[in-house]
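Letter by letter, the chains look like this.
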Amino acid sequence: MTTAVDERIERIVVLRALVLGDTLCAVPALRAIRRAWPRARISLLGLPASRELVTRLSCVDEWLPFPGWPGLPERPVDHAALPGFLAAMRDARWDLAVQLHGSGQIVNPLVQQFGARHVAGFHPPGGPVPAGGLFCPWPEQGHEVQRLLAWCRHVGLPVDDGALEFPLRPEDDAALRLAWPAWPGSAPYACVHAGAQLPSRRWPLTRFAAVAEALHGMGHTLVLTGAPSEQALVGELSGLLTARGLAHVNLAGRTSLWTLGALLRGARVLVCNDTGVSHVAAALRVPSVVVACGSEVSRWAPADAALHRVLAKPAPCRPCAHADCPVGHGCALALTVEEVVQTLHRLLATTPEETRCPAACAS
C-alpha cells in the first residue's frame, strides 16, 4: 500500500475528544488507519463518554484521557493537568499524530505540541496549512463519516463503505436480563429515548408521551431508556405515561452502554432525539424515527434513509449553537405528534422485523 507516509509507523495517536455519537462516526476512519498500519499501536485521545466504546473497537488499542483545551466546549479545561498531559504526549514519541477532531482551527496548535514525527489531519478551509503535506481542508458539507474519510483518501488510505460498529457480546444479553428479567418476552417492544445532552436538542416530553401512546396502541411494549444523568427527565416522562394509564418499563440509568445496545438490537423500533443513541441504532440496523431539533441533519443523520427516518423542521438558526434555545424552540414545536406517528406507521409497514446486521454485533 502506498500512502503519504512511507516509513515505518509503530505508534499513532488520534485526537477525537467528542461524545459517543461523534466517536461512532469516526470508526470508519479509524478502521482505515488500522488497515494502513496493522501492526501499529493506535491510541485515541477522547472524552470519558467514548471510553467504554473504545474498549471493544478492534481498530483502537487504547483510550487516553483528554484534559480539554482552551476554546473547546466539550468539557471544562483541567488547567492543572495540562502541563503533565503535554509532557506525557511528548515522552510517548509518537510516529504519527492525527487530528480527527474537526477543522483544526483550535486544536491544530495543540496537536503540533505532541512532538510526533508526522502530524496530520484537517485545516480550516482558506486557513493556514500546517507543514508536512498530511493535512487537507475540512469539508464543510456532507455527512460526518464522509468528512472524516476525506482525510483518509487525501493521504492514500484504503477506505470502506463507512459502516458503523457496535460490538456486542453474549454477556450483554445476560446483563440486560438482570435489568429487565422479562426480556426478551414474546411481545414486540419499542424503545423511547427522550433525552439528549443539550436541552435545545430535546423534543417536548408531552409529545414523546403521545407518540408512546400510539406505539402502545400498535401493540408494542413501551421501554424508556436514558443515561443515569437523564433519570429525572425520563422519570417525568414515566409519570406522563402512568397518567395516561400506559404500562411501560423504565430502564433509564439501569443499563450500561452495552446492555443498551443489546436492548436496542431486540427492539422493533426506536424513537429518539438526534443524539448518540441514534448512532447506536444505525450501527445495529435497528429501525428508528429521529426527531432532529437544532442539529445539522445532513451531517449527522444515519446513512440508511429507508431504515432511519429523520424528521426536522427548517429554521434560519440551524444548526443551533445554543445549549438552551433563546428564541422559543420553534424547530421543535413545529414538528407535530401526528407527523411522527405517521412516519412510524410508514416505517413499520415497510421494514421487516428482522433487519439486524450480525456483523455489526460481532466482537
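Residues numbered from 1 in each chain as written. Predicted model: local features only at pLDDT ≥ 70, side-chain atom pairs only at ≥ 80, totals over all residues. Heavy atoms only, no water.

Asks: What exactly am I supposed to notice about the overall build of the protein chain here?
Replies: Scanning the protein chain from N- to C-terminus turns up 14 helices and twelve strands. By principal-axis analysis of the C-alpha atoms, the protein chain measures approximately 65 × 45 × 40 Å. Within the protein chain, the proportion of its 363 residues that are buried is 55%. A separation of at least 24 residues holds for 65% of the contacts in the protein chain among residues at least 6 apart in sequence. Each charge class in the protein chain can be summarised by its mean position, and for the 32 positive and 30 negative side chains these summaries are 1 Å apart. (Helix = DSSP H or I, 4+ residues; strand = E, 2+ residues; numbered from the N terminus. Buried < 20%, exposed > 50% of the residue type's maximum accessible area, 1.4 Å probe, protein only. Contact = heavy atoms within 4.5 Å. Lys, Arg positive; Asp, Glu negative; His and termini not counted. Charge placed at Lys NZ, Arg CZ, Asp CG, Glu CD.)

Asks: Help me understand the side chain of H329, please; the structure alone is not making it clear to me.
Replies: As for its position among the elements, H329 is in the loop between β12 (308–311) and α12 (330–333). Residue class for H329 comes out buried when judged on its relative accessible area of 15%. There is a polar contact of 2.9 Å between the side chain of H329 and the backbone oxygen of S200. Setting aside residues up to four positions removed in sequence, H329 forms contacts with P199, S200, R202 and C293. (Polar contact = N/O pair within 3.5 Å; in protein donor to acceptor, adjacent residues only side chain to side chain.)

Asks: I keep staring at the packing of helix α7 (residues 205–217) against helix α13 (residues 337–350) and nothing clicks. Help me out?
Replies: Packed helices, taken two at a time, are described by their axes: the angle between them and the distance between them. At a minimum axis distance of 9 Å, the contact between α7 and α13 shows a crossing angle of 35 degrees. Remark: the crossing between α7 and α13 carries right-handed chirality. Along its contact with α7, which presents R207, A210, V211, A214 and L215, the element α13 presents V337, V340, V341 and L344. (Axes fitted to C-alpha atoms, helices over the stretch in contact; angles between N-to-C directions. Left-handed = near helix turned anticlockwise from the far one by under 90°.)

Asks: Whenever I open this one, the environment of L260 confuses me. Can you help?
Replies: Within the secondary structure layout, L260 lies in helix α9 (residues 257–265). Sequence-wise, L260 and A190 are 70 residues apart; in three dimensions their C-alpha atoms are separated by 13 Å. Sequence-distant contacts of L260, that is, excluding residues within four places in its chain, are made with T225, T255 and V277.

Asks: Sorry if this is basic, but what is going on with the sheet that holds strand β9 (residues 248–250) here?
Replies: In any sheet, the strands associate via hydrogen bonds between backbone groups, in a parallel or an antiparallel arrangement. Read from one edge of the open sheet, six strands run β9-β8-β7-β10-β11-β12, paired in parallel fashion. Each of the sheet's edge strands pairs with one partner strand only, and the pair in question is β9 and β12. Direction aside, the axes of adjacent strands within the sheet are offset by 15 degrees on average. Of the pairings in the sheet, the one linking strand β8 (residues 221–225) to β9 comprises three bridges and is parallel in character. From the neighbouring strand, L224 faces β9, where its bridge partner is N250. Packing of helix α10 (residues 276–284) onto the sheet brings it into contact with β7 (189–193), β10 (269–273), β11 (288–291) and β12, and relative to β10 it is tilted by some 150 degrees. (Pairing = 2+ DSSP bridges.)

Asks: Looking at this structure, I do not really get the nonpolar core. What am I missing?
Replies: A general trend in soluble globular proteins is that nonpolar side chains are found buried together. Judged by nonpolar contacts, the single largest core of 67 residues is most densely connected at I12, W151, F166 and L263. Here the element with the most residues in this core is helix α1 (residues 20–36); it accounts for ten residues. (Core = buried A, V, L, I, M, F, W, Y, C linked by side-chain atoms within 4.5 Å.)

Asks: Sorry if this is basic, but what is going on with helix α6 (residues 170–179) here?
Replies: Each α-helix turn comprises 3.6 residues. Residues three or four places apart therefore point the same way. Buried residues of α6: D172, D173, L176 and A179, and no others. Looking down the long axis of α6, one finds its buried residues gathered within 115 degrees of arc, a one-sided arrangement. Exposed residues lying more than 90 degrees from the buried face of α6 are P170 and L178. Those residues of α6 that are buried are in contact with α9. (Arc of directions from axis to C-beta.)

Asks: It is not clear to me how the pairing of β7 should be interpreted in this structure. Could you clarify?
Replies: Burial analysis of β7 places five of its five residues in the buried class, which makes it a mostly covered element. Residue alternation in β7 divides its side chains into two sets, Y189, C191 and H193 and A190 and V192, and both sets are buried. With α7 bridging β7 and the parallel β8, this β-α-β connection has right-handed handedness. (Right-handed = clockwise from strand over helix to strand, strands pointing away.)

Asks: Would you explain helix α3 (residues 82–91) in this entry?
Replies: Taken together, the buried positions of α3 are occupied by L82, F85, L86 and M89. With its buried residues spanning 95 degrees around the axis, α3 presents them on a single face. Summarising the geometry of α3, the exposed residues directed more than 90 degrees from the buried face are P83 and D91. Buried residues along α3 sit against β2 (41–46), β3 (62–65) and α4 (108–112).

Asks: Where do I start with the sheet that holds β2 in this structure?
Replies: The six strands lie next to each other as β3-β2-β1-β4-β5-β6, forming an open sheet whose pairing is parallel. One side of each edge strand has no neighbouring strand; the edge strands of this open sheet are β3 and β6 (135–137). Within this sheet the neighbouring strands show an average axis-to-axis angle of 15 degrees, counted without direction. Bridge count between strand β5 (residues 118–123) and β6: three bridges; the pairing is parallel. Its bridge partner being in β6, H123 is matched across the sheet by P137.

Asks: Explanation requested: the packing of aromatic side chains in the structure shown.
Replies: Any pair of aromatic rings gets described here by the distance separating the centres and the angle formed by the planes. In the structure shown here, the tally under the stated rule is six aromatic pairs. Ring centres 4.9 Å apart and planes at 90 degrees place the aromatic pair F122 and W138 in the edge-to-face group. Taken together, the residues F122 in strand β5 and W138 in the loop between β6 and α5 (144–154) connect sequence positions 16 residues apart. Summarising the burial analysis for this pair, F122 and W138 share the class buried. Among the aromatic side chains, those forming a connected cluster through ring pairs are F66, F85 and F114. (Phe/Tyr/Trp six-rings, centres within 6.5 Å; stacked < 30°, edge-to-face > 60°.)

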